[in-house]
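# Remarks on the overall topology
What follows is each chain in one-letter form.
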Amino acid sequence: MASSTGDGVSEKGNNSKKTKSQMEESELLSVPDGWKEAPFTKDDNPRGLMEESSFATLFPKYREAYLKECWPLVEKALGEVHIKATLDLIEGSISVCTSKKTYDPYAIVRGRDLIKLLARSVPFEQAVRILLDDMACDIIKIGTLVRNRERFVKRRQRLIGPKGSTLKALELLTNCYVMVQGNTVSALGPFNGLKEVRKVVMDTMKNIHPIYNIKTLMIKRELSKDTDLRSQSWERFLPKFRHKNLAKRREPKKKSVKKQYTPFPPAQPENAVDKELATGEFFLRESVKKRKKMEEVKVKQAEALTKKQEERNKAFIPPKEKPLMKKSAKVPTEGKLDIEALKEKVKKAKTKRLGAPPANPAPSGNMNKKQRSKTKKKR
């Protein structure tokens, strides 16, 4: 009994240790609200850099006018971090390099990102934010992801959305600035946001509509507000979208069935001598063979003659004649004869005959001169 109680106590102790270790890990992983890393100052590196580093990038011709206008502001912004910048309009390139006063070793990398963003049509007001500590940038190349040019343009437009609504929603959810230009997508913002932006862009180029990813981002944003759900898995809350292939592939009429693979070669085809041996014709005399061949030829000739005779006789077969008389309409026998109507018809027929007295004779005294003259002429 003592041993059993001891085991129970030890199990409880192990469980409590596990829960404590899990709590410590979650505390280490989670960053407290409002915490910021201390900025890198000159006191951290008073001696400066040992060697000079430099980066250069090319820019398109249409970007030349804008860079001329904003170049004094670029030099001023990079001068605060003690980095020199040069604009070469003949070669069409921008270059940045460190100086003796540069103390931050990562400043040159930020200067490189700044000139890259300026070359990719990002405005200076947004590109200058890369010099801050909590900012990063990502230039996503989308030109080679889709082969067909028309399909690529459609998917790129789908990422922008009607009047830029999809792009604006993505910017609000990720806290990043996104710029779609030519064959690249430039994103500027915090690291977590850049990861989400890259995922949405790559999925859009793979024919997955950005609205699905935007929906998941909205749910994640609401879940992150709850302190209890931060350390839990969010898979049960996130929607699962299935791919629906509406346009099915047309099946061919004649399906070719693949034969089962066998390592042995196919059987050798039979020779004419082998066929004769199988039927027994090989052992017959030549006269008998000739007679058989003649019989076969005669049978074939007889069949051909009968076919030709049938085709000739077709011309002498008279065609079917159509009936000349049309079928008279059947008189309805069910209806009874109208005697009064027949009487009226007979009276009208009598009046039409020449010399027949009228059906309603008028008085002789009242006859006009014209009527009398008409009667005389008729007589």
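Residues numbered from 1 in each chain as written. Predicted model: local features only at pLDDT ≥ 70, side-chain atom pairs only at ≥ 80, totals over all residues. Heavy atoms only, no water.

- The name given to the protein in an unreviewed UniProt entry is KRR1 small subunit processome component, and the organism recorded there is Champsocephalus esox.
- In UniProt, the protein has this text filed under Subcellular location (unreviewed entry): "Nucleus, Nucleolus".
- Among the UniProt annotations of the protein, the heading Sequence similarities (unreviewed entry) holds the following wording: "Belongs to the KRR1 family." (UniProt positions renumbered as here; feature names shortened; annotations may be inferred.)

## Observations regarding the side chain of Arg155
- In this fold, Arg155 is placed in helix H5 (residues 149-160).
- Nearest to the buried, unbridged Arg155 among oppositely charged side chains is Asp203, at 11 Å.
- Excluding its chain neighbours within four sequence positions, the residues that come into contact with Arg155 are Val146, Thr204, Met205, Lys206 and Asn207. (Helix = DSSP H or I, 4+ residues; strand = E, 2+ residues; numbered from the N terminus. Buried < 20%, exposed > 50% of the residue type's maximum accessible area, 1.4 Å probe, protein only. Lys, Arg positive; Asp, Glu negative; His and termini not counted. Salt bridge = Lys/Arg side-chain N within 4 Å of Asp/Glu carboxyl O. Contact = heavy atoms within 4.5 Å.)

## Digging into the pattern of salt bridges
- In total, this model carries 7 salt bridges according to the counting rule given.
- The partner of Lys220 in a salt bridge is Glu196, with the nearest N and O atoms 4.0 Å apart. Taken together, the residues Lys220 in helix H8 (residues 210-224) and Glu196 in helix H7 (residues 191-205) connect sequence positions 24 residues apart.
- Residue class for Lys220 comes out partly exposed when judged on its relative accessible area of 29%.
- The salt bridge partner of Asp203 is Lys199, with a shortest N-O separation of 3.3 Å. One end of the pair is Asp203 and the other is Lys199, both in helix H7 and 4 residues apart, which spans about a single turn.
- Note on Asp203: relative accessible area 14%, which makes it buried.

## A closer look at unusual backbone geometry
- Unusually for a residue other than glycine, Ser121 sits at a positive phi of about 70°.
- By the secondary structure assignment, Ser121 is in the loop between helix H3 (107-119) and helix H4 (124-127).
- Backbone geometry places Asn207, a non-glycine residue, at a positive phi of 70°.
- If you trace the backbone, Asn207 turns up in the loop between H7 and H8.

## Some points on the packing of aromatic side chains
- All told, the structure shown has 2 aromatic pairs when counted by the stated rule.
- Consider the rings of Phe282 and Phe283, whose centres lie 5.6 Å apart with planes at 90°: the pair is edge-to-face.
- Residue Phe282 is classed as partly exposed on the basis of its relative accessible area, which comes to 38%.
- A relative accessible area of 64% means that Phe283 is categorised as exposed. (Phe/Tyr/Trp six-rings, centres within 6.5 Å; stacked < 30°, edge-to-face > 60°.)

## A short note on the sheet that holds strand E3 (residues 93-98)
- The strand order E1-E3-E2 describes an open sheet built from 3 strands, whose pairing is antiparallel. Each end of this open sheet is capped by a strand with a single partner; those strands are strand E1 (54-58) and strand E2 (83-88). Averaged over all pairs of adjacent strands, the angle between their axes in this sheet comes to 15°, without regard to strand direction.
- Note: E2 against E3, 6 bridges, orientation antiparallel. Directly across from Leu87, in E3, lies its bridge partner Ile94.
- Packing against the sheet, helix H2 (residues 64-79) makes contact with E2 and E3, and its axis sits at approximately 165° to E2. (Pairing = 2+ DSSP bridges. Axes fitted to C-alpha atoms, helices over the stretch in contact; angles between N-to-C directions.)

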